[in-house]
Amino acid sequence: MNFPSITVSNNVKANKHAEHLLVERLKHGNEDAFVSLIRQYRADLVNVAYGITSDREESQDIVQEVFIKVYRNIHSFNEKSGLRTWLYRITVNQSLNQLRKWKRRFNWQHRSLTEETSGETINPPELGSEKFSPSNLYEEKEFALRFEEQLKALPQKTRAVFVLRENQGLSYDEIARVLNIKRGTVSSRLYHARLKLIKALLKGES
Amino acid sequence: MPKSLCHIDPIMLSQFIDGEVRPDEAERIRKHLSDCPDCRKAVNDNQLLSSCFKNYINLNTSRINPSAFETNVLAKIDQKNEIIRDKIKRLLFSKKILVPVTAMASVVFLLLYFSYRFTFLNSDGPIRRFPVQTSVATAPSAIIDSFSGETTAVMIMQTPNSHETILWYNEKV
Amino acid sequence: MKKFKIKIVLTIGKTLLLLASFSIMMTAISQASQFDISVTTILASHGKNGVDSRIGRQIKELQAAFRYSSYRLVNKTHKRLVPGQTGKAPLPGGRVLAITPLGVAGNRAKLKLAVFKNGQPTFQTIIQLLNRGRIIVGGPQHSGGVIIFIISNSF
């Protein structure tokens, strides 16, 4: 049973080497390398930003800024932390900063979803029931709205932990490194996020 | 069976879902799950929540156009490089540097000119005129000096290409 | 004593220079002229009406910045004002926009804008608008959309 672990270890080494080469090319100002960096990480970083901000345009802007920061600061990148970790860290910080910035202003981006459902009472479907199938549910704007509301009600830092775990599949140790927090904090934030989301979805209250 | 004995610590159950418990503990929880419908439901709820969240993110971000995104990033970098070049230009041509440099250059030029004239020519030589360079910055169409009123928030932005100022305010209801 | 004299001469020189620049600035600001001011009022919403063909060109760049699907022209107002004179443009929802040119600073017109709703002031601002420039002001809610008014000026 050693074979799979050897393969994994070889893959990890190959990935590390490829990452090192990419970073070297980036440090030399190679534009192709920069484009391939965007292609490799864009979707993941946009997902992370979206998980925190719940705003598609904002997430795109945030991740564009992340890549510009990377382009400018690649020389200061310490390869020990890992490129992916570094990118996640910048994205999370940028997203949290953006949210602070917007909080001081106001929500000028009007969502049609809100307008269409305003004034209606939305009864959330029951978890575990037939109706509660992720693929069906997300075709229902009402449920999407409720889910988004509950998600937005979570503290920003908790959302960051939740998206890194649930969407990006990072381990507790990786999340702790990205956010510079303790492993125990990762675990408790995840537990509370799940508890709140499930409770809210079950009872229809935040 | 008393409730405290029946159920797994919820934080540990959350860690189990994430594959973050020791193998022996994972085994113990797995055994417990086969006997306990409540804990099984808790695990199922968490898995459904996880799928919901993934769907929520994917549905909302999958419509982003990758090539437009790429073009935007590269254009922004070009634009920022241009701004930096412009800043350097403005610094070089700012009064703080331009005035002493021009003064020094004029003194040096006059010294050279007169020494050349009096030493070799003793006649009028041609005088060249140097064009003055100016840098034009892309300024916003409007500068907001002040604002006040019954508003909950005010935001100042500008359009990306023509740098037209946008002043957005939220009326207090 | 010699140092003191030099100091006095320098101080007088600096004062003269300051006075000269101040008077130049004042002349620039108080250059009394006429201001041609236009206000285009638009109602933006998430409706299905699309973009009003009369304002298509004017809001081209706005469409990228905002997420509205419908832009309808409400009205257009043009005023020729002298400094200190107030011109009024009607806005939807019992609102009025009052514009008062205050003067010229360099190549910009100094304008005071005030929005009134049912006679009560809701928002005031003082701006310096480029000659032949535009400012886009928006935000007030009206019948399921928002009011956007584009102010352009030339002097």
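Computed from a predicted structure; not experimentally measured.

A. Quick look at the environment of Gly138(C). Along the polypeptide, Gly138(C) turns up in strand β7 (residues 134-142). Considered as a pair, Gly138(C) and Ile148(C) are 10 residues apart in the sequence and their alpha carbons are 4.1 Å apart. Discounting residues that sit within four places of it in the chain, Gly138(C) has contacts with Leu167(B), Trp168(B), Tyr169(B), Ile147(C) and Ile148(C).

B. Expanded view of helix α2 (residues 31-53) of chain A. Its maximal kink placed at Tyr41(A), α2(A) deviates by approximately 50°. Directly beyond the C-terminal end of α2(A), a positive phi value near 55° is found at Ser54(A).

C. Region of the structure containing the pairing of strand β6 (residues 120-130) of chain C. In the sheet, strand β1 (residues 142-149) of chain B pairs with β6(C) via seven bridges, with the strands oriented antiparallel. The residue of β6(C) that forms the bridge with Ala142(B) is Leu129(C). Bridge count between strand β5 (residues 108-117) of chain C and β6(C): 10 bridges; the pairing is antiparallel. Its bridge partner being in β6(C), Ala109(C) is matched across the sheet by Leu129(C). Linking two consecutive strands that pair antiparallel, namely β5(C) and β6(C), is a turn of two residues; a positive phi of about 45° is found at Asn118(C) within it.

D. Up close: the interface of chain A and chain B. The interface is formed by 51 residues belonging to chain A together with 43 residues belonging to chain B. Surface buried jointly by chain A and chain B totals about 4700 Å² across both partners, of which 66% is contributed by carbon and sulfur atoms. The interface formed by chain A and chain B holds four salt bridges in total. Close ionic contact of Asp18(B) with Arg165(A) constitutes a salt bridge, the shortest N to O distance being 2.9 Å. Along the contact surface separating chain A from chain B lie 15 residue pairs in polar contact (both at pLDDT 80 or more). Within the residue set of the side of chain A that touches chain B, elements represented by two or more residues are α2, α3 (56-73), α6 (134-137), α7 (141-153), α8 (156-166) and α10 (183-203) of chain A.

Conventions used here
Residues numbered from 1 in each chain as written. Chains lettered and ligands numbered in written order. Predicted model: local features only at pLDDT ≥ 70, side-chain atom pairs only at ≥ 80, totals over all residues. Heavy atoms only, no water. Helix = DSSP H or I, 4+ residues; strand = E, 2+ residues; numbered from the N terminus. Contact = heavy atoms within 4.5 Å. Bend = angle between axes of the 7 residues up to and from the residue. Pairing = 2+ DSSP bridges. Buried area = accessible area lost by both parts, 1.4 Å probe. Salt bridge = Lys/Arg side-chain N within 4 Å of Asp/Glu carboxyl O. Polar contact = N/O pair within 3.5 Å; in protein donor to acceptor, adjacent residues only side chain to side chain.

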